[in-house]
Amino acid sequence: MPESAAPKPEPFRSSIMQIEPQWIDYNGHLNMAYYNVMFDRAIDEFWLELGIGPVYKTERHGSTFTAECHVRYLREIHLGDPVQILVWLLEADDKRLHTFEEMRHGTEGWLSATSENMSLHIDMGSRKVAAFPPDIRERIAAIVNAHSAVPRPEGIGRSVAMPLKGT
């Protein structure tokens with residue numbers, strides 16, 4: 001998307017991805033580690049829209065590191081299933097990006113998994129958390145605003161816990 005184009009009020013949609021045969025575990029479905037690989041590939045595509053991809057790292061010496069990640073595995077996905085990831089930029093500040101991703105079957109649309117993440121902007125020279133440059137911060141704010149205009153997906157803010165007995 002050109003930098004001058006206004007962001008659309010819809011989640012970002014990754015390209016359609018294919019599961020690689022070596023990612024299938026002995027249970028016959030996508031191994032849990034590779035859900036993260038696919039979520040990460042989608043985030044790499046989304047970062048290009050934010051202007052913080054590989055060129056940004058090379059030319060402006062900034063990048064992002066994941067500080068926290070919560071994945072929910074909701075429905076098995078198998079070899080041969082096309083996958084598409086939807087990404088919402090829920091919130092952001094000068095140094096952080098809060099994203100929520102849904103992994104969906106690429107043609108049937110059913111939900112396989114979600115991933116909620118907190119990413120930190122890093123000055124790669126010092127390898128410390130740093131503020132985004134003003135032009136990037138402006139682009140991020142525009143996308144947060146656009147994404148806030150669409151319904152929030154179920155599952156945001158969930159934590160890992162055992163249900164209380166008797167409830």
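Provided above is the structure to which this section pertains.
Numbers given to residues run from 1 along each chain, matching the order in which its sequence is written. Given that this is a predicted model, residues contribute local features only at a pLDDT of at least 70 and side-chain atom pairs are listed and counted only at 80 or more, while totals for whole chains, interfaces and linings are drawn from all residues. Based on all heavy atoms of the structure, the side-chain values leave hydrogens and waters out of the count.

### A look at the packing of helix H1 (residues 32-50) against helix H3 (residues 134-147)
Part 1 of the reasoning: To obtain each axis, a line is fitted to C-alpha atoms, and for helices this fit is confined to the stretch in contact; angles are then taken between N-to-C directions over 0 to 180 degrees. The helix count covers DSSP runs of H or I at least four residues long, the strand count covers runs of E at least two residues long, and both are numbered beginning at the N terminus. Taken N-terminus to C-terminus, the directions of H1 and H3 make an angle of 115°; their axes are 9 Å apart at the nearest point. The angle between the axes of H1 and H3 places the two elements in the roughly perpendicular class. On H3, the residues that touch Phe46, Glu49 and Leu50 of H1 are Ile136, Arg139, Ile140, Ile143 and His147.
Part 2 of the reasoning: In this classification, Asp, Glu, Lys and Arg are treated as charged, Ala, Val, Leu, Ile, Met, Phe, Trp, Tyr, Cys and Pro as nonpolar, and every other residue, Gly included, as polar. Along the lines of polarity and charge, the residues of the contact of H1 with H3 split into five nonpolar, one polar and two charged. Each angle receives one of four descriptions, namely roughly parallel if under 35 degrees, roughly antiparallel if over 145, roughly perpendicular if within 65 to 115, and oblique otherwise. Contacts were defined at the residue level, with two residues in contact if any of their heavy atoms lie within 4.5 Å.

### Re the environment of Gln22
Part 1 of the reasoning: Mapped onto the elements of the fold, Gln22 is located in the loop between strand E2 (17-18) and H1.
Part 2 of the reasoning: Burial classes follow relative accessibility: with a 1.4 Å probe on protein chains only, a residue under 20% of its type's maximum area counts as buried, one over 50% as exposed, and anything between as partly exposed. Given the relative accessible area of 54%, Gln22 is considered exposed.
Part 3 of the reasoning: Expressed as a C-alpha distance, the spacing of Gln22 and Leu79, which sit 57 residues apart in the sequence, is 9.5 Å.
Part 4 of the reasoning: A polar contact is formed between the side chain of Gln22 and the side chain of Glu20, at a distance of 2.8 Å. Nitrogen and oxygen atoms within 3.5 Å of one another constitute a polar contact, given that in protein one can donate a hydrogen and the other can accept it, and given that sequence-neighbouring residues count only through two side-chain atoms.

### Description of the pairing of strand E6 (residues 111-123)
The side chains of a regular strand alternate between the sheet's two faces.
Part 1 of the reasoning: For two strands to pair, DSSP has to find at least two bridges joining them. Note: strand E3 (residues 62-73) against E6, 11 bridges, orientation antiparallel. Residue His70 lies in a different strand from E6, and its bridge partner there is Glu116.
Part 2 of the reasoning: As judged from the nine bridges shared by strand E5 (residues 96-105) and E6, these two strands associate in the antiparallel manner. In the strand pairing of E6, Glu102 is matched with Thr114.
Part 3 of the reasoning: Between the end of E5 and the start of E6, which pair antiparallel, lie five residues, with Gly109 showing a positive phi angle near 85°.
Part 4 of the reasoning: With two bridges connecting them, E6 and strand E7 (residues 128-129) associate as antiparallel partners. Bridged to Ile122 within E7 is Val129.
Part 5 of the reasoning: What sits between the antiparallel neighbours E6 and E7 is a turn of four residues, in which Arg127 has the positive phi angle 55°.

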